Amino acid sequence: MMAEETRVGYVGVGLMGHGAAKNILERGGYDLTVVGHRKRKPVEDLVARGAKEAGSAAVAAAGVDILFLCLPSSNEVSAVVYGDNGVLAGCRKGLIVVDSTTADPAVTRQVARDLAERGVRMVDAPLGRTPMEAEEGKLSTYVGGDPETIAEVRPVLRSFADTIVETGPIGTGTTCKLVNNFISIGTSAVIAEAVATASKLELDLGKLHEVVSAGGANSAMFQMMMPWVLEGDDSRLKGPVRIAAKDIRTYAALAQQAGMASFLAQAANQVWQLALNQGHGEKFMPVLPGILAQLNGGSLRDFE
């Protein structure tokens, strides 16, 4: 299908979804329908750019060829698919659903089976990188599903992603994303503890930044977190604490189901759950060193 013929729907135009949807519309040139989000600003921005708004997932599913879901977790995916005004209520044979949620792979596979009974194909294509890259059309995505369906949606994916990795059958995209996120979110927990400890030891954190940047401990995650530590700038990593906690919790459960002795995953899970329990769910990930410093009787900078 050509861009001028393909109608695309998008459910979940939040931090990551807004940028992806914007680029589907403007870079890809696709006819775009978005479904109302709990925050109106991104919806209104996309409508102002030329998108249409549907009142429900059922309405969107009935009127598009490819429907993207980009939601906080599998719970929201299930509600959007199975709800009274959900995808199953409005879908028609031939629809392709692309789930960009970082989800539980078991739920992803079950949703795919239920959609298949209605003649609807599905791929899972979770998103990598940050909202900054989403707005720039430079995301990465990891796609699970049958090769023919992936080939059909690839042109749309290219409008917002410069890296597309085909991972295997349905569910493997999300599984790869969860393993990837364990590495990145687990690393962020190590960085946060190290920086909070360095602060309590009264180290010059600017000098610590120089030391780590010059050696093997350096990482993309370190460089995304340290601008907040040094300058109060959390814009490099606009991932909410609640999402980090959800992702690491989902990975830890997946590892446990696989029979893994996942000590490090459980430790990282507890760190992020602690930050969540302290009421910091909507703050961005770079503030974690400040949260840990405060809990240990120290202070980095104001994050309240």
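In what follows, the structure referred to is the one given above.
Notes on the structure follow. Predicted model only: the values in this text are computed from it and were never measured. (Residues numbered from 1 in each chain as written. Predicted model: local features only at pLDDT ≥ 70, side-chain atom pairs only at ≥ 80, totals over all residues. Heavy atoms only, no water.)

## Focus on the overall build of the protein
So, step 1. The secondary structure content of the protein amounts to 14 helices and 9 strands.
So, step 2. At 20 Å, the protein has a C-alpha radius of gyration in line with the 19 Å of a compact globule built from 304 residues.
So, step 3. A fraction of 68% describes how many contacts in the protein between residues 6 or more apart in sequence connect residues 24 or more apart.
So, step 4. Working note: accessible area of the protein is about 13500 Å², and carbon and sulfur atoms make up 53% of it.
So, step 5. Between the centroid of the 29 positive side chains of the protein and the centroid of its 34 negative side chains there is a distance of 1 Å. (Helix = DSSP H or I, 4+ residues; strand = E, 2+ residues; numbered from the N terminus. Rg over C-alpha atoms; globule rule 2.2 N^0.38 Å. Contact = heavy atoms within 4.5 Å. Areas by Shrake-Rupley, 256 points an atom, 1.4 Å probe, with all protein chains shown as cover. Lys, Arg positive; Asp, Glu negative; His and termini not counted. Charge placed at Lys NZ, Arg CZ, Asp CG, Glu CD.)

## Some details on the pattern of salt bridges
So, step 1. Applying the stated criterion across every chain yields a total of 15 salt bridges.
So, step 2. The salt bridge partner of Arg 154 is Glu 166, with a shortest N-O separation of 2.8 Å. Placement of the pair is Arg 154 in helix H8 (residues 147-157) and Glu 166 in strand S9 (residues 161-168), with a sequence separation of 12 residues.
So, step 3. In this structure, Asp 233 and Arg 236 form a salt bridge, with 3.6 Å as the shortest nitrogen-oxygen distance.
So, step 4. With a relative accessible area of 21%, Asp 233 lands in the partly exposed category.
So, step 5. On the accessibility criterion, Arg 236 (38% relative accessible area) is partly exposed. (Salt bridge = Lys/Arg side-chain N within 4 Å of Asp/Glu carboxyl O. Buried < 20%, exposed > 50% of the residue type's maximum accessible area, 1.4 Å probe, protein only.)

## What about the nonpolar core?
So, step 1. In this structure, Val 195, Met 225, Trp 272, Met 285 and Leu 288 are the most contacted members of the largest nonpolar core, which totals 38 residues.
So, step 2. Broken down by secondary-structure element, the contributors of at least two residues to this core are helix H9 (172-200), helix H10 (205-213), helix H11 (220-231), helix H12 (241-257), helix H13 (263-277) and helix H14 (288-295).
So, step 3. Top contributing element to this core by residue count: H9, with 9 residues.
So, step 4. Discounting residues that sit within four places of it in the chain, Met 225 has contacts with Ser 188, Ile 191, Ala 192, Leu 237, Met 285, Pro 286, Leu 288 and Pro 289.
So, step 5. Grouped together as the second largest cluster of nonpolar side chains are 32 residues, Val 8, Ala 20, Leu 25 and Ile 96 included. (Core = buried A, V, L, I, M, F, W, Y, C linked by side-chain atoms within 4.5 Å.)

## Let's talk about the side chain of Thr 130
So, step 1. Along the chain, Thr 130 turns up in the loop between strand S7 (127-128) and helix H7 (131-136).
So, step 2. For Thr 130, a relative accessible area of 6% corresponds to the buried category.
So, step 3. Within the local environment of Thr 130, its side chain forms a polar contact with the side chain of Glu 133, the two groups lying 2.3 Å apart.
So, step 4. Excluding its chain neighbours within four sequence positions, the residues that come into contact with Thr 130 are Met 16, Leu 139, Met 224, Arg 236 and Leu 237. (Polar contact = N/O pair within 3.5 Å; in protein donor to acceptor, adjacent residues only side chain to side chain.)

## Some remarks on the pairing of strand S4 (residues 66-69)
So, step 1. Here S4 shows no split at all, with Ile 66 and Phe 68 on one side and Leu 67 and Leu 69 on the other all buried.
So, step 2. Sheet topology note: the strand S1 (residues 7-11)/S4 ladder contains 4 bridges and is parallel. Bridging from a neighbouring strand, Gly 9 pairs with Leu 67 of S4. (Pairing = 2+ DSSP bridges.)

## Quick notes on the side chain of Asp 99
So, step 1. Looking at where Asp 99 falls in the secondary structure, it is placed in strand S5 (residues 96-99).
So, step 2. A distance of 2.7 Å separates polar atoms of two side chains, one belonging to Asp 99 and the other to Thr 101.
So, step 3. Non-local contacts of Asp 99, meaning those with residues more than four positions away in its chain, are made with Leu 69, Val 77, Thr 108, Met 122, Val 123, Asp 124, Ala 125 and Pro 126.

## Some points on the packing of H9 against H13
So, step 1. Here H9 crosses H13 at 60°, and the two axes come no closer than 9 Å. Compared by their axis directions, H9 and H13 come out oblique. The interaxial crossing formed by H9 with H13 has left-handed handedness. Every residue of H13 that contacts H9 at Phe 182, Ile 185, Gly 186, Ser 188 and Ala 189 is listed here: Leu 264, Ala 265, Ala 268, Val 271 and Trp 272. (Axes fitted to C-alpha atoms, helices over the stretch in contact; angles between N-to-C directions. Parallel < 35°, antiparallel > 145°, perpendicular 65-115°, else oblique. Left-handed = near helix turned anticlockwise from the far one by under 90°.)

## What about the pairing of S1?
So, step 1. Of all 5 residues in S1, 4 are buried; the element is thus mostly enclosed.
So, step 2. With 5 bridges connecting them, S1 and strand S2 (residues 31-35) associate as parallel partners. Within the sheet, the bridge partner assigned to Val 8 lies in S2 and is Leu 32.

## A few points about unusual backbone geometry
So, step 1. The backbone of Arg 129 shows a phi angle near 85°, a positive value even though the residue is not glycine.
So, step 2. Turning to its location among the elements, Arg 129 is positioned in the loop between S7 and H7.
So, step 3. For Glu 202, which is not a glycine, the phi torsion comes out positive at approximately 65°.
So, step 4. Among the secondary structure elements, Glu 202 is positioned in the loop between H9 and H10.
So, step 5. For Glu 202, a relative accessible area of 72% corresponds to the exposed category.

These values are about where atoms sit, not about what they do.
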